Number of protein chains: 2
Amino acid sequence: MGPGFLIPAEGWFLWFNSPVLIHSASQLLTLAGGPQRGRSLGGLGIIEDGAVVVRDERILAVGTTDGLRRAFPDEPTLDAGRCVLMPGFVDPHTHLIWAGDRADEFEKKMGGMPYLDILAGGGGILSTVKATRTASIETLIAQTRPRLLRMFAHGTTTAEAKTGYGLQTSTELRLLKALLALDDESPLDLAITFMGAHAIAPEFKDDPQGYTDEVTHTMLPMLKEWWEAHAPRTPLPFVDVFCENKAFTLEQSRQILTKARSLGFPLKIHADEFDNLGGAALAAELGAASADHLVKTSDSDIDALGRSDTVAVALPCTPFGLAEADYTPARKLIEADAILALATDCNPGTSWNESMQFAIALACRYMKLTPAQAIAAATINSAHAIRRAESIGSIEVEKQADLLILSVSDYRQVGYRYGTNLVRQVIKRGRVYSVDVGYYRTA
Amino acid sequence: MGPGFLIPAEGWFLWFNSPVLIHSASQLLTLAGGPQRGRSLGGLGIIEDGAVVVRDERILAVGTTDGLRRAFPDEPTLDAGRCVLMPGFVDPHTHLIWAGDRADEFEKKMGGMPYLDILAGGGGILSTVKATRTASIETLIAQTRPRLLRMFAHGTTTAEAKTGYGLQTSTELRLLKALLALDDESPLDLAITFMGAHAIAPEFKDDPQGYTDEVTHTMLPMLKEWWEAHAPRTPLPFVDVFCENKAFTLEQSRQILTKARSLGFPLKIHADEFDNLGGAALAAELGAASADHLVKTSDSDIDALGRSDTVAVALPCTPFGLAEADYTPARKLIEADAILALATDCNPGTSWNESMQFAIALACRYMKLTPAQAIAAATINSAHAIRRAESIGSIEVEKQADLLILSVSDYRQVGYRYGTNLVRQVIKRGRVYSVDVGYYRTA
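Residues numbered from 1 in each chain as written. Chains lettered and ligands numbered in written order. Predicted model: local features only at pLDDT ≥ 70, side-chain atom pairs only at ≥ 80, totals over all residues. Heavy atoms only, no water.

Colleague: Quick question: what am I supposed to make of the overall build of chain A here?
Modeller: For chain A, the count of helices and strands is 16 helices and 18 strands. Relative to its length of 443 residues, chain A is compact, with a C-alpha radius of gyration of 21 Å against a globular reference of 22 Å. For chain A, the spread of C-alpha atoms along the three principal axes comes to 70 × 50 × 45 Å. Counting only residues that meet the buried cut, chain A has 65% of its 443 residues in that class. (Helix = DSSP H or I, 4+ residues; strand = E, 2+ residues; numbered from the N terminus. Rg over C-alpha atoms; globule rule 2.2 N^0.38 Å. Buried < 20%, exposed > 50% of the residue type's maximum accessible area, 1.4 Å probe, protein only.)

What follows is the structure, given as structure tokens:
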């Protein structure tokens, strides 16, 4: 852990090498049973007056307070205080690492300038690329750490994090190094994604195919080699492509993703944020872990997702951030039997928000999910979107002890209330972190 | 201060009976010059590398770091750390005090049931009335305190707070007592409003005029007497009416407000949230401090506001909370020369959000305000909406030292970023409170 990063606090803690009983949860949301496809979305597996026994980093037992008190009568305890106990949020789509900000652009966008016009004018993502390329790894880590802490304080215990503001090998590798270092130093686990194909690099402005070839034939093989040398014990990162007008065509996306798959990388895709190019169906065809955005997705592409194991990741913060009216058609995806997940899309251009709770508040209002459906989409299904549903996203025996104690006793308050943080304690791999909306007086 | 309410913290503090220099603000937003009418909205009065000298509860000097360092060379200092220093938010419209919650109703509403139908079915506001009537004053204070703390931690240093979930004299008086107690115990200042006319009391379900007469002829005179006996040193509360179909007609609203005015109460009105009944023009005619909601306000009513000193208070969290498409037409109000303010409308039915930062994020996106305009609407203009612009809402010599140090260096980040809390320190009447998104590790 980095200095100044974690502050020792009051009172209680979880013991190591001894089971600990967390008891008296008003509602224990287990989310047991694996990813929730189609209409099965929203099964929270609620245990009233629930309890969990944690040992070291894992869950040893799940049940009622009475039952587990009898089974573990002499263990140390942690009182959930008649509040909701649930799995940590898994945020499966973030552009966590960048330098600078785009506050100056915000006023323009609110004035009505379309994002793709800003992009075409050399602003937008390319201004972040410029700032990121000139930032040292120390600067990148220092500017990203507060975002990561903010995520964690809002209950995200695992987050996907993409590169993609480098668009050149040297910077993309620096971003990967920084993400590996942040994953190492922080309690939050990162699932890293390589997104050299986030936009056409400015050097290839008039030759998008040239940059596509550069990503395909130079960056991806180099990434494979670099990863095996520098992070041999970490599974290969995801490879993601922004399949969209003014970014990568469907064919260019196919070229990059096919090569990535042949090298053994798991796949993701940005599809149909502004236009329907067919990226979602491509993702399903290639067996990608997820297809993300899906605002303008056609009915046939929705059907393709529904027949696949590719998770449909909705990013409601992005239209909200841009004040656009169209959101991911969640009900259609559910009817088509797709596996729906939620993410923040935290990024400096369209949506700087670290809180999965806010993504849930939006999903209820603008995608017409119930709080139960939104919570399942933000835990077990989002874990599946980063292919970690075997170890996180629910409260089941043998899974990682990534838990939240909320400050409320009814899960429906998540979504109903918004704009503030309802998490009281984050338990990550069995370690307890107290979160406080708190303010502290001096003098 | 109540027990467990404030936690002493680390490091630094402001000295009493000695001036203290708060220095090195990247941007000091003074908001100097009084309420901002029409197109003048958005003048932040920025001083770069700004500084403030505070003595006891008041502001002694405002200027640049260099200038004030020379003028106050030996005073204790507080470093703003190259962050934004600005006035505390003033939230001029909240229904802060109630018992229970309506999480159970949230799913129904998201399923499409209109609020007025829920109201007509005895749910909605009346379910909160039921819970509030049966709650003791201790319960009411205990349930309201966390909301008040959440507001304060998000930078609201003064908030208006309405009664109105009693709808009977005994409960309304209990709510007033509880609000006076909360005002007394907490660092946040409350501007109290009596809103016996929040809805037709269930006892008068078939006789709205009967309840109107009860409020007018029984409650208001009793309130006057009670207030002078119980809170003689506190100015009279505002009197507010919900002028809307299924609540109080325009004539009933006029009856209540005219009587209130004759008794010396300052006035407010809920107007045009769902239908245009003429409440805004009535407010202007009667010299009300504010007319609030204003979603369906007609052009002629907007003009009436523009010619008056009645502040137009927009409540963007309410349509957001209800997932409705229509927001207050802020640009029209600005063009009509009205004084525009922002508030949260924090309440259990339509918008449970304590953060003015989130109201600003919505106002930028859905009312097309710039961050500068939204900040002015949330400070100096909202102070005027509760008729306290003489003492709060801006950073000027002799005003109350109600200040925020943000965790960001550019004011435009407020609105641009959303969903989390950008306030780092709250300074209230010269006392400093540290806010931390923080989480704290044990074990």
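Colleague: Help me understand the nonpolar core, please; the structure alone is not making it clear to me.
Modeller: If you look at soluble globular proteins, the nonpolar side chains tend to sit buried side by side. Counting residues in each nonpolar core, the largest one holds 258 residues, and the members touching the most others are L190(A), L220(A), L340(A), L190(B), L220(B) and L340(B). Those residues within four positions of L220(B) in sequence are excluded, and the remaining contacts are F194(B), V215(B), V239(B), I256(B), K259(B), A260(B), L263(B) and F265(B). (Core = buried A, V, L, I, M, F, W, Y, C linked by side-chain atoms within 4.5 Å. Contact = heavy atoms within 4.5 Å.)

Colleague: What is the right way to look at the pattern of salt bridges in this model?
Modeller: All names here are of chain A. Counted by the stated rule, this structure contains 42 salt bridges over all chains. Salt-bridge contacts for R412 lead to D410; the nearest nitrogen and oxygen are separated by 2.7 Å. Each of E57, D189, D402, K428 and R429 takes part in a single network of salt bridges with overlapping partners. (Salt bridge = Lys/Arg side-chain N within 4 Å of Asp/Glu carboxyl O.)

Colleague: Looking at this structure, I do not really get the domain arrangement of chain A. What am I missing?
Modeller: When the parts of a complex come together, some accessible area is lost, and that lost area is often used as the size of the interface. Residues and elements named next belong to chain A. Domain parsing of chain A yields domain 1 (7-87 + 394-440) and domain 2 (90-385). On a C-alpha basis, the centroid separation for the pair domain 1 and domain 2 is 29 Å. Summing both sides of the interface, domain 1 and domain 2 together bury roughly 2700 Å²; the carbon and sulfur share of this comes to 63%. Area buried by domain 1 at its contact with domain 2 is led by R37, L41 and K428, which between them contribute 25% of it. Where domain 1 touches domain 2, the interface holds four salt bridges. There are 16 residue pairs in polar contact (both at pLDDT 80 or more) connecting domain 1 and domain 2. Among the elements of the structure, β6 (84-87), α16 (413-416), β16 (423-428) and β17 (431-435) are those that each provide at least two residues to the side of domain 1 that touches domain 2. If one sorts the elements of the side of domain 1 that touches domain 2 by residue count, β16 sits on top with four residues. (Domains from an automatic or database assignment. Buried area = accessible area lost by both parts, 1.4 Å probe. Polar contact = N/O pair within 3.5 Å; in protein donor to acceptor, adjacent residues only side chain to side chain.)

Colleague: Honestly, helix α2 (residues 103-110) of chain A in this entry has me stumped. Any pointers?
Modeller: An α-helix turns once every 3.6 residues. As a result, residues three or four positions apart point the same way. Inspection of α2(A) places A103(A), E105(A), F106(A), K109(A) and M110(A) among the buried residues, and these make up the whole buried set. Along the long axis of α2(A), the arc covered by the buried residues comes to 140 degrees, so they all point the same way. (Arc of directions from axis to C-beta.)

Colleague: I would appreciate a short explanation of the pairing of strand β16 (residues 423-428) of chain B in the present structure.
Modeller: The side chains of a regular strand alternate between both faces of the sheet. Within β16(B), five of the six residues are buried, which leaves the element mostly enclosed by the surrounding structure. Counted between consecutive antiparallel strands, the loop separating β16(B) from strand β17 (residues 431-435) of chain B contains two residues, among which R429(B) sits at a positive phi close to 45 degrees. (Pairing = 2+ DSSP bridges.)

Colleague: So what exactly am I meant to see when it comes to the environment of T94(B) here?
Modeller: Residue and element names in this part refer to chain B. You can see T94 is positioned in the loop between β7 (89-91) and α2 (103-110). Those residues in contact with T94 that lie beyond four places of it in its chain are M151, A159, E160, A161, K162, T344, D345 and C346. Among the polar contacts made by the side chain of T94, one reaches the main-chain amide nitrogen of L96 at a distance of 3.3 Å.

Colleague: Got a minute to help me understand the side chain of T297(B) in this structure?
Modeller: Residues and elements named next belong to chain B. Looking at the secondary structure, you find T297 in the loop between β12 (290-293) and α10 (299-306). A relative accessible area of 9% means that T297 is categorised as buried. Of note is the side chain of T297, whose polar atom sits 2.8 Å from the side chain of D272. Not counting residues up to four positions away in its chain, the partners in contact with T297 are D272, N276, A280 and I302.

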